[in-house]
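Examining the three-dimensional arrangement
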Amino acid sequence: MNTLWVTWEKQRRNWEIADAIDAEYNEIIHSDGRIKRYLKCLWETAKLYRTTKCDKVICQNPSFVLALFTVLTKRIFGFKKVGIDAHNGALALDTNSKPLKWVAKFLQKKADFTIITN
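These notes cover the structure that comes with them. (Residues numbered from 1 in each chain as written. Predicted model: local features only at pLDDT ≥ 70, side-chain atom pairs only at ≥ 80, totals over all residues. Heavy atoms only, no water.)

1. Topic: helix 5 (residues 98-110)
With 13 residues, helix 5 should reach 18 Å at 1.5 Å per residue; the first-to-last C-alpha distance of 18 Å fits that figure. Where helix 5 is buried, its residues meet strand 3 (56-61), helix 3 (64-72) and strand 4 (81-86). Here helix 5 starts with a cap whose side-chain oxygen sits 3.2 Å from the backbone nitrogen of L100, and that cap is S97. (Helix = DSSP H or I, 4+ residues; strand = E, 2+ residues; numbered from the N terminus. Expected span 1.5 Å × (residues − 1). Contact = heavy atoms within 4.5 Å. Polar contact = N/O pair within 3.5 Å; in protein donor to acceptor, adjacent residues only side chain to side chain.)

Right under this line is the structure:
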């Protein structure tokens, strides 16, 4: 397979889209508190990215943390393309948080492509 799909939660939509586009599907899930969970997920995601032979990666957004990590480490891990599977919430259209809107716009600009589902 040439495409890696990464998510930090279990959702039917993720594995169905990954299967439909013939992507290698990976769920990285931890149920600890927010900080501990993010650290564990980031560690496992980095290990996965370091060992993969895929040249494209698609990650779920939200998580903004996963999407930001993936976009920022694209060159480090040698990915040719980074895609984001964005839900409506990931577009930060309904928030007053300026930092969240900035991150959402940054991700939209830096990702090579975005899959928008509703």
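Now that the structure is up, let's keep going.
2. Brief notes about the pairing of strand 2 (residues 24-27)
Of the pairings in the sheet, the one linking strand 1 (residues 3-7) to strand 2 comprises 4 bridges and is parallel in character. Paired with V6 across the bridge in strand 2 is N26. In the classification by handedness, the crossover that spans strand 1, the intervening helix 1 (residues 12-20) and the parallel strand 2 is right-handed. (Pairing = 2+ DSSP bridges. Right-handed = clockwise from strand over helix to strand, strands pointing away.)

3. Here's the deal with the pattern of salt bridges
Note on pairing: side chains with opposite charge can pair once their charged atoms come close. Enumeration over the complete set of coordinates arrives at 6 salt bridges. Of the charged contacts in the structure, one is a salt bridge between D85 and R13, with a shortest N-O distance of 2.7 Å. On the criterion of sequence distance, the pair formed by D85 in strand 4 and R13 in helix 1 is long-range, its members being 72 residues apart. A residue is classified by how much of its surface remains accessible, and D85, at 0% relative accessible area, is buried. In this structure, K80 engages D55 in a salt bridge whose closest nitrogen and oxygen atoms are separated by 3.9 Å. (Salt bridge = Lys/Arg side-chain N within 4 Å of Asp/Glu carboxyl O. Buried < 20%, exposed > 50% of the residue type's maximum accessible area, 1.4 Å probe, protein only.)

Honestly, that's just the spatial picture; any functional story needs more than this.
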